[in-house]
Amino acid sequence: MTRLAIRMPKMSMTMTEGEVSSWMVKVGDEINDGDIVCEVMTDKVDMDVESPVSGTLVEIVVESGLVAVGEPIGWVEGEDDGGSFGDLLMAPETPEQVEAPVPEPDPVADTGPATPEPEHPRPSGIVPAVPRARGLARELGVDLATVTPSGPEGLVRVADVEALAPTTQPATQPASQPATPSAPPAPPQAADSTRPAAKQSDRRAAIRAVVARTMTPSAAIPQFTVWRELHLDDANATRNGLSWTTVLLRTYAASLREVPELLSRWEDDRASEAGPPSIALAVATDRGLMVPTFSEPDLGDAADVDAEIREVVAAVQKGRMDRSYLGIANGSLSNLGGLGVDRFQALLTPPQGSVLSLGSIKRRPVAVPGGVGTALTVEAGLTVDHRVADGIHAAQLLDRMASRLAQGSPQGSTQGSTQGSTRA
Amino acid sequence: MPLSPIETAAGARHALLTMWTTRRFEEAVDDLFARGLMHGTMHLSIGQEASATGACMALRDDDAITSTHRGHGHCIGKGADLTRMMAELLAKETGYCRGRGGSMHIADVATGNLGANGIVGGGIPIAAGAALAYQLRGEDHVVACFFGDGATNEGAFHEAVNLAAIWKLPVVFICENNKYGMSFSTEKSMAVDTIAERASAYGIPGVGVDGNDVAAVYDVVHAAVERARAGDGPTLVESVTYRHKGHSKSDKNLYRTREEISEWRDKDPILQFEGVVRERGLLSDEEIQAARTEAMESIRNAVRTANAAPDADPSDLLDAVFAQA
Amino acid sequence: MTETAREITYSEAIREAIGQAMEADESVFMLGEDIGVYGGAFGVSGDLYHRFGADRIRDTPISELGIVGAAVGAALAGMRPIVEIQFSDFTNQAMDQIVNQAAKIHFMLGGAATVPMVLRAPLGSGTGAAAQHSQSLEAWFAHVPGLKVVMPATAEDAKGLLLSAIDDPNPVIVLEHKLLYRTSGPVPEDAVRVPLGKTAVRRTGSDLTIVATGVMVGRSLEAAGVLADQGVDVSVLDPRTLSPLDDAPILEDVARTGRALLVQEAPGHVGFTAEIAARITESPTLYRLLAPIRRLSGLNAPIPYAPQLETASVPQVPDIVDAALTLIKES
């Protein structure tokens, strides 16, 4: 005599569980294979459950309630006639497994793109262009042949056409050279498939490729930079050990709230709705430039934010960045002051609206009533995307920053804008 | 070679073993499905074993069959490999169809099993076509075409039987009438009393037989097969039987009474046959028990072995759509 | 090209293919309605009955489902049947055997069996046969995995593609446009096969690419002549095999000209040319388009009876010319 299970049967293709609703037999009853023992409600129908075994019902596991298909709902003591075939599937598998032949993985192609291209007869006169770029070129009266393509295999993208479009506003062009017409970025496959020996230069190449891919479009954006020497004595007196990065990051973020134009990003041919400040902090690592993004860093306790920034920067320098810092930024902060640079002009990272560059913080001679004195200063440069904002907005931003730093309390809460000048 | 179930001990043994193997196979499938260990749905032929076994015993090894969605018994009767059948149902790479066909498409073309079919009536024109091929090539194979009562109401039945009749194709049409399509009874679905009488509409003989009497089924099908082999054309055989289980796994059996089911269960064809062979002294009790045990063991082995095989592999699915020249 | 070629009709070319295939291989036979003594509803089988006899050129009752199923069974049992369906519209009576059986048996059986059959049927409008005898259903068949579909546009292809179809171990649907039966062209005398799955470039031009199927190939070539007189130089490509489709020559030509005009007789909505258009837009050829892809198709309506209504329902040569000129102008 053995214990044989009555299990919740699968009664339709989609059924995964059933609800036992009532039993027709009780413990102690003699039941035969085929007798109805209980009723079950399923996703499709109400069904009678037949016992697959004969014997004495010794246990009802579930009087009523949900049971998964295959689980026991009752136990019968009877003769095991071998009919519990499902148990064979639960038994540990026999050592000799029949192995289906595993196809050999294809050796990875060493060079060339993954899909073979049909041979295109080259001189056809048609410049390959993304359909929107072609349309835009037509609209703007730009000849595609004069456009410098930034896509692979000479593909003209929208930004490439925009770069040639005549503009009405005299925007200050960035002093840096525009990116050279692209060497196409190294195809990812090639980087992965090359021999392990040349890892270092491959990684460097990959890093440069990423930067090229990100910053080349920056050359097509009309951007200008506004400079201001910010005085830091007051802030220095009250910062209580907070790092300058923390102080200036929070001041930048708080000030951005007061000039919402700069919180827009240029996307889909228009300025997006201003969102809360989310600032990418440029951190130099031996993996290249990493940019953890801090959301609304001007909120919350300054000391907490300071600790957070230190922690994240340390982690990033070790090559680790938590997912929560991978958010989308609408501004950036870049600081080269530690290496003695006085001032520098940062390039915009599209599609952000602005980027704040900071030079070295040191004591410099300044004009004071009656003569010359010294002050702790930093040269701040704000580079702005002219499509989302104008010079006045850039000036306002730096002015707000100057005010806050002068107040000595660069916290997030604004005391109401004290800005007097009207917007042009 | 054709072997009668009741003339010799060997025949009796083969019949009994085949029927028990079919029964246990279906019970295994039932159990595995009920436990959620098998995918899809299953159409079980429990109760119809004598019909499938008796008919298949009347065929030569080089004859062919076409079968239905309720076709495990036909496949087993035609000598299918139990492990490959079970592996197919368990969606293994070693199944008859490498897991691509499932229960309704088991076939072993090399040994004359031209396939089960998921379309009611789908196999009937195919059977006629295979018979046409044999006739064109001057070969004396015969095709046994299995289908149910419901299929005789499909246009394909009408067209194929007519073609077979006008061309005197070497095919035997075996209708396993288990009295219900899915839920619609034969009383409601036809205006004639028997399916066998439909044969006269095509000018071919129609013969009824008790489908639960394996020896009777053998006799009738054997005669029809010989007629076809001699070039005299097709026969329509109506094998009256009953299925103990519902049409498929979602069948609540609302269309028939418990009394009806239980009445037929009491007339279990396998137990009936055991009585007959005992009475005639063809097999002893030990031999009968041995057949039962062997059947159970072979199914348990099939389940175990099939389960140990690797699962069906999706990586070459697209390659399998077209045959390469 | 090939050895000796002479001018025969599309219909004669098909008959020649069947005869040569049957002579070479005992397992090839044909079944269909009225193909015996009658010679076929469109005269294609002609004298084959007298040459090969009633067994191998086998007349059948009106039982499309039965005879297509019989072809499936015969193919499974080792023969190479050709089944002629009198009008492609009647394939609907046989859909279970075409779609559920023939197309799927090789796959469902895990590769253990093949169904090497050919189903030939006349398709298309222009004979006043009205809605139920004039359809172009090629997109339905091309959509079913497991079926190969060909639409020969020339007499040479009608013979060559049919020979390849008979050789193929898979079920092949051969759709012959009714209006092409009486057209002539050079056809090699020998049993020269034209491979399935190879697009034919009928004409190479520089301004625009026309892709056409069936009877529209000839109309497009005619239109090309008219366009040339107006200084517009067009390519004309003929896929010939709709499934599997050889799209590389199409993508290449469109990349070169920048303009694609896809012409079919069948109604445009969810038609075969939509597949060609999708392939173009999914490929880098997209970046070389000078204008949107244009489809020129039959009306989304059943084919009407009256002759002027019938011709107005499907693209004609002037329509192709107009569409091409408009496309050039718009880009």
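Definitions and cut-offs
- Residues numbered from 1 in each chain as written.
- Chains lettered and ligands numbered in written order.
- Predicted model: local features only at pLDDT ≥ 70, side-chain atom pairs only at ≥ 80, totals over all residues.
- Helix = DSSP H or I, 4+ residues; strand = E, 2+ residues; numbered from the N terminus.
- Buried ≥ 20, exposed ≤ 12 C-beta atoms within 10 Å, placed from the backbone.
- Contact = placed C-beta atoms within 7 Å.
- Expected span 1.5 Å × (residues − 1).
- Pairing = 2+ DSSP bridges.
- Axes fitted to C-alpha atoms, helices over the stretch in contact; angles between N-to-C directions.
- Parallel < 35°, antiparallel > 145°, perpendicular 65-115°, else oblique.
- Left-handed = near helix turned anticlockwise from the far one by under 90°.
- Nonpolar A, V, L, I, M, F, W, Y, C, P; charged D, E, K, R; others polar.
- Right-handed = clockwise from strand over helix to strand, strands pointing away.
- Domains from an automatic or database assignment.
- Core = buried A, V, L, I, M, F, W, Y, C linked by C-beta atoms within 7 Å.
- pLDDT = per-residue confidence, 0-100.

Moving on to the overall build of chain A. Secondary structure summary: chain A contains 9 helices and 19 strands in total. Buried positions account for 32% of the 424 residues belonging to chain A.

The next point concerns the overall build of chain C. A tally of helices and strands in chain C yields 11 helices and 14 strands. Taking the principal axes of the C-alpha coordinates as reference, chain C spans close to 60 × 45 × 40 Å. The proportion of buried residues among the 331 residues of chain C is 57%. A separation of at least 24 residues holds for 80% of the contacts in chain C among residues at least 6 apart in sequence.

All right, on to helix α6 (residues 155–167) of chain B then. Residues three or four positions apart in an α-helix share a direction because the helix packs 3.6 residues into each turn. In this model, α6 of chain B (13 residues) spans 18 Å end to end at C-alpha, consistent with the 18 Å of a helix rising 1.5 Å per residue. For α6 of chain B, the complete set of buried residues consists of A156, F157, E159, A160, V161, L163, A164 and A165 of chain B. Those residues of α6 of chain B hidden inside the fold are in contact with α5 (123–137), β3 (171–177) and β5 (235–240) of chain B together with α3 (64–76) of chain C. Backbone geometry just downstream of α6 of chain B places K168 of chain B in the positive-phi region, at approximately 50 degrees.

This paragraph deals with the sheet that holds strand β2 (residues 17–23) of chain A. Residues and elements named next belong to chain A. Strands sit in the order β5-β4-β2-β7 across an open sheet of 4 strands; the sheet is antiparallel. Pairing within the sheet leaves two strands with one partner each, and these edge strands are β5 (46–50) and β7 (65–68). Direction aside, the axes of adjacent strands within the sheet are offset by 40 degrees on average. Where β2 meets strand β4 (residues 36–41), 4 bridges bridge the pair, whose relative direction is antiparallel. Paired with W23 across the two strands is C38, which belongs to β4.

Turning our attention to the packing of helix α2 (residues 49–57) of chain B against helix α8 (residues 214–229) of chain B. Residues and elements named next belong to chain B. Running from N to C, α2 and α8 point in directions that differ by 40 degrees, and their axes come no closer than 7 Å. Judged by the angle between their axes, α2 and α8 are oblique. Seen along the crossing, α2 lies across α8 with a hand that is right-handed. Where α2 approaches α8, its residues A50, S51, T53, G54, A55 and M57 are matched on the opposing element by V214, A215, V217, Y218 and V221. Classifying every residue of the contact of α2 with α8 by side-chain character gives 8 nonpolar, 3 polar and no charged.

We now examine the interface of chain C and chain B. Across the contact, 37 residues belong to chain C and 33 residues belong to chain B. Only α3 and α4 (95–108) of chain C provide two or more residues apiece to the side of chain C that touches chain B. When residues of the side of chain C that touches chain B are assigned to their parent elements, the largest contribution, 9 residues, is made by α3 of chain C. Residue classes in the side of chain C that touches chain B are distributed as 18 nonpolar, 15 polar and 4 charged.

This brings us to the interface of chain A and chain B. Taken together, the contacts link 25 residues of chain A with 25 residues of chain B. Ranked by residues supplied to the side of chain A that touches chain B, first place goes to helix α1 (residues 86–90) of chain A with 3 residues. Broken down by class, the residue content of the side of chain A that touches chain B amounts to 12 nonpolar, 8 polar and 5 charged.

Residue and element names in this part refer to chain B. As summarised here, the arrangement of the 5 strands in space is β1-β2-β3-β5-β4, forming an open sheet in which the pairing is parallel. Only two strands of the sheet have a single neighbouring strand rather than two, namely β1 (64–66) and β4 (206–210). Taken pair by pair, the neighbouring strands of this sheet meet at an average axis angle of 20 degrees, ignoring direction.

Moving on to the environment of L382 of chain A. Residues and elements named next belong to chain A. Relative to the assigned elements, L382 resides in strand β19 (residues 371–385). Looking at L382, the number of C-beta atoms within 10 Å reads 25, which means it is buried. Once the C-alpha coordinates of L382 and E258 are considered, the two residues, 124 residues apart in sequence, prove to be 15 Å apart. Beyond its immediate stretch of four places on either side in the chain, L382 contacts T225, V226, S354, L356, A394, L397 and L398.

On to the pairing of β4 of chain B. Residue and element names in this part refer to chain B. Of the strand pairs in this sheet, β4 and β5 are connected by 5 bridges, and their pairing is parallel. Pairing of V209 across the sheet is with S239, part of β5. At this point the chain moves from β4, through α8, to the parallel β5, and the crossover so formed is right-handed.

Residues and elements named next belong to chain C. Locating F87 in the fold gives a position in the loop between β4 (80–84) and α4. Assessed through the 19 C-beta atoms surrounding it within 10 Å, F87 is described here as partly exposed. In this structure the C-alpha to C-alpha distance between F87 and G124, which are 37 residues apart in sequence, comes to 9.1 Å. Sequence-distant contacts of F87, defined by excluding residues within four places in its chain, comprise A121, P122 and H133.

To continue, consider the domain arrangement of chain A. On domain assignment, one finds that chain A holds domain 1 (2–83) and domain 2 (223–407). Using only C-alpha atoms to locate each centre, domain 1 of chain A and domain 2 of chain A end up separated by 70 Å.

Another point: the packing of α5 of chain B against α6 of chain B. Residues and elements named next belong to chain B. The geometry of α5 relative to α6 is characterised by a closest axis approach of 8 Å and an angle of 20 degrees between their N-to-C directions. One element, α5, and the other, α6, form an angle in the roughly parallel class. As α5 packs across α6, the resulting crossing turns out to be left-handed. When α5 is examined against α6, the residues I124, P125, A128, A131 and L132 are found in contact with a partner set consisting of A156, F157, E159, A160, L163, A164 and W167. Residue composition of the contact of α5 with α6, grouped by class: 11 nonpolar, no polar and 1 charged.

Time to look at the domain arrangement of chain C. Residue and element names in this part refer to chain C. According to the domain assignment, chain C contains domain 1 (5–188) and domain 2 (200–330). Each of domain 1 and domain 2 was reduced to a C-alpha centroid, and the two centroids are 26 Å apart. Opposite the 23 residues of domain 1 that make contact, domain 2 presents 23 residues. Listed by contribution, the elements that provide at least two residues to the side of domain 1 that touches domain 2 are α5 (138–142), β6 (148–150) and α6 (155–167).

With 5 bridges connecting them, β4 of chain A and β5 of chain A associate as antiparallel partners. Within β5 of chain A, the position partnered with E39 of chain A by the bridge is D48 of chain A.

In this structure, A128, A130, C145, V171, V172 and V221 of chain B are the most contacted members of the largest nonpolar core, which totals 205 residues. Taken together, domain 1 (5–188) and domain 2 (200–330) of chain C each give at least three residues to this core, which thus spans both. Excluding its chain neighbours within four sequence positions, the residues that come into contact with V172 of chain B are V142, A144, C145, V221, A224, V225, A228, P234, T235 and V237 of chain B. Of all hydrophobic cores here, the second largest spans 46 residues; its members include A220, L262, V305 and L348 of chain A.

All right, on to the confidence of the model for chain C then. Predicted confidence across chain C gives a mean pLDDT of 96, with 99% of residues reaching 70 or more. This complex was scored by the predictor with a pTM of 0.71 and an ipTM of 0.88.

A separate point is the confidence of the model for chain A. Residues and elements named next belong to chain A. Per-chain confidence: chain A averages 79 in pLDDT, with 77% of residues scoring 70 or above. This stretch, residues 93–123, has a pLDDT under 50; its non-local contacts, to residues over four places away or in other chains, come to 24 contacts. Note on residues 412–424: pLDDT under 50 across the span, and 14 contacts to partners over four residues away in sequence or across chains.

Residue and element names in this part refer to chain A. Looking at the secondary structure, you find I36 in strand β4. For the pair I36 and V49, spaced 13 residues apart in sequence, the C-alpha separation works out to 5.5 Å. Aside from chain neighbours lying at most four places away, what touches I36 is M24, D48, V49 and E50.

The omega torsion of the bond from P350 of chain A to P351 of chain A falls at 5 degrees, within 30 degrees of zero and hence cis. Of note, P351 of chain A is situated in the loop between β16 (331–335) and β17 (354–358). Residue P244 of chain C is reached from S243 of chain C by a cis peptide bond, and omega for that bond is 0 degrees. By secondary structure assignment, the location of P244 of chain C is in the loop between β12 (241–243) and α8 (248–257). A positive phi angle is found at K179 of chain B, which is not glycine, with a value near 75 degrees. Topologically, K179 of chain B is positioned in the loop between β3 and α7 (186–189). Judged by the 16 C-beta atoms lying within 10 Å of it, K179 of chain B falls in the partly exposed class. In the Ramachandran plot, V270 of chain C falls in the positive-phi region, its phi being about 60 degrees despite a non-glycine side chain.

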